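Commentary on secondary and tertiary structure
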Amino acid sequence: MQISGSIALVTGAGRGLGRAYASELVRRGAAKVYGAARNPAAVTEPGVVAVQLDITEPGQVSLAAEQCADVTLLVNNAGVMKASTFIDAPNLDAARLEMETNYFGTLTMCRAFAPVLAANGGGAIVNMLSVTSFYTNPFDASYGASKAAALSLTNGIRVELAHCGTLVVAVHASFIDTEMAAAAIAPKISPESVAKQVFDAVEAGQIEVLADERSRFVKASLSRDHELIYPPIQEFWDSAINAS
Ligand SMILES: NC(=O)c1ccc[n+]([C@@H]2O[C@H](COP(=O)([O-])OP(=O)(O)OC[C@H]3O[C@@H](n4cnc5c(N)ncnc54)[C@H](OP(=O)(O)O)[C@@H]3O)[C@@H](O)[C@H]2O)c1
């Protein structure tokens, strides 16, 4: 599908990658861009229509699907990352919040907007995942679990919605230069670069975006993950434990 003339809704549009998605959509000539955010006052990009939306509140999601019944492109960008381990986290609060937002929130959005997209000709859903959808890193372990669940969701709805003509795009990236990755001392891709790659993919009908070198390496290494992916992670984890 073409971005020009489309009607898009971006979740988490008040800052970070969501803001970059919204502004790239405007730049490419989308006919309307809804910027959904828990605090709509944070949506200040020119040409973006603010919509109040917490994706973990089913009532708000249903209302947004009613109010934005003209949407042809849904960008599920909103997410949380609490940098929480599986074993040493004090409780399951972070794991539950990540699963509630990144998996159940995204699922609720897909369920509410799938009929809207179908009624408007099929359109597309973009799900913002992570390189950690593919493997587990103990530093953000429960986040990875929630993004793996969201990858499973993404692959499943692609099959379920094919008959409606809905393109379903999975986006993977390692570190993106936003608040979420502020503490990471590592190469970071810009949110603008992710947004450009994603909408190029939507226009080309591609189902997957591997937005940076790390994502491409991990995807290419999955059949040998215990040789290529996990040993360096184990080494890094052991050195962090020894240093603490
Ligand atoms: N940054 C990275 O390194 C990186 C890498 C790979 C994937 N990602 C993914 O990219 C997406 C965007 O993250 P970001 O880097 O832009 O992080 P960010 O700067 O922390 O922004 C997160 C966004 O999600 C919104 N959000 C969180 N919970 C929400 C909820 N319940 N309902 C509605 N909106 C909610 C936040 O809104 P508020 O302003 O209201 O908090 C904010 O707009 C996320 O899905 C993230 O997992 C990020």
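One structure accompanies this document, and this report is about it. Keep in mind the model is a prediction, meaning the values are calculated, not measured. (Residues numbered from 1 in each chain as written. Predicted model: local features only at pLDDT ≥ 70, side-chain atom pairs only at ≥ 80, totals over all residues. Heavy atoms only, no water.)

A closer look at the site of the ligand
Put simply, the rule is: Throughout this document, a residue counts as near a molecule or strand when at least one of its heavy atoms sits within 4 Å of that molecule or strand. Polar contact is the term for a pair of N or O atoms within 3.5 Å; when the atoms are in protein, one must be able to donate a hydrogen and the other to accept it, and sequence-neighboring residues count only if both atoms are side-chain atoms. Working definition of accessibility: Shrake-Rupley area with a 1.4 Å probe, residue cover restricted to the visible protein chains. Segments assigned H or I by DSSP are reported as helices when at least four residues long, segments assigned E as strands when at least two residues long, and all are numbered from the N terminus. Note on residue classes: Ala, Val, Leu, Ile, Met, Phe, Trp, Tyr, Cys and Pro are nonpolar, Asp, Glu, Lys and Arg are charged, and everything else, Gly too, is polar.
In the neighbourhood of the ligand, 26 residues make up the surrounding shell, with Arg15, Arg38, Asn77, Tyr143 and Thr178 lying closest. In the model, an oxygen atom of the ligand is placed 2.7 Å from a nitrogen or oxygen of the Arg38 side chain. Notes on the ligand: free accessible area 890 Å², of which the protein chains cover 91%. Sorting the residues of the shell around the ligand by element identifies α1 (16-27) and α4 (141-161) as the ones contributing at least two each. Split into classes, the residues belonging to the shell around the ligand amount to 13 nonpolar, eight polar and five charged.

Re the nonpolar core
Rules: Nonpolar core, defined: a set of buried Ala, Val, Leu, Ile, Met, Phe, Trp, Tyr and Cys residues in which side-chain atoms within 4.5 Å join the residues together. Classification of residues uses two cut-offs on accessible area relative to the type maximum, computed with a 1.4 Å probe and protein chains only: under 20% is buried, over 50% is exposed, and between them is partly exposed. Contacts are assigned to residue pairs that have any heavy atoms within 4.5 Å of one another.
Tyr21, Leu25, Leu73, Val171, Val194, Phe199 and Val202 are the most contacted members of the largest nonpolar core, which totals 32 residues. Counting only elements with at least two residues in this core, the list comes to β1 (7-11), α1, β2 (32-37), β4 (73-76), β5 (124-128), β6 (167-172) and α5 (191-204). Ranked by residue count, the leading element in this core is α5, at six residues. Here Leu73 is in contact with Met1, Ile3, Ser6, Ile7, Ala8, Leu9, Leu25, Leu117, Ala124, Val126, Phe199 and Val202, once residues within four sequence places are set aside. In this structure, Ala114, Ile125, Leu161 and Val168 belong to the second largest nonpolar core, which totals 26 residues.

Some thoughts on the pairing of β1
The criterion, for reference: What makes two strands pair is DSSP finding at least two bridges between them.
For β1, the buried fraction is high: five of the five residues fall into the buried class. Residue alternation in β1 divides its side chains into two sets, Ile7, Leu9 and Thr11 and Ala8 and Val10, and both sets are buried. For β1 and β2, the ladder comprises five bridges, and the chain directions are parallel. Bridge assignment links Val10 to a residue of β2, and that residue is Gly35. Relative to β4, β1 runs parallel, the two sharing three bridges. Within β4, the position partnered with Leu9 by the bridge is Leu74.

With respect to the packing of aromatic side chains
Our working rule: Pairing of aromatic side chains requires ring centres within 6.5 Å, counting the rings of Phe and Tyr and the six-membered ring of Trp. Pairs whose planes differ by under 30 degrees are stacked, by over 60 edge-to-face, and all others tilted.
Summed over all chains, the structure comprises five aromatic pairs. Seen in terms of ring centroids, Phe139 and Phe236 are 5.5 Å apart; in terms of plane orientation they differ by 55 degrees. Their pairing is tilted. Note that Phe139 is positioned in the loop between β5 and α4 and Phe236 in helix α8 (residues 230-243), a separation of 97 residues in sequence. The partly exposed category is assigned to Phe139, whose relative accessible area is 30%.

Description of the sheet that holds β1
To be explicit about the condition: Helix axes are fitted to C-alpha atoms over the stretch in contact, other axes to C-alpha atoms as well, and angles between N-to-C directions run from 0 to 180 degrees.
With parallel pairing, the seven strands of this open sheet are ordered in space as β3-β2-β1-β4-β5-β6-β7. Of all strands in the sheet, those bounded by a partner on one side alone are β3 (48-52) and β7 (208-210). In this sheet, adjacent strand axes meet at a mean angle of 15 degrees when their direction is disregarded. Direction of pairing for β6 relative to β7: parallel, over a ladder of three bridges. Across the sheet, the residue bridging to His172 is Leu210, located in β7. Seen against the sheet, α4 touches β5 and β6 and runs at an angle of roughly 160 degrees to β6.

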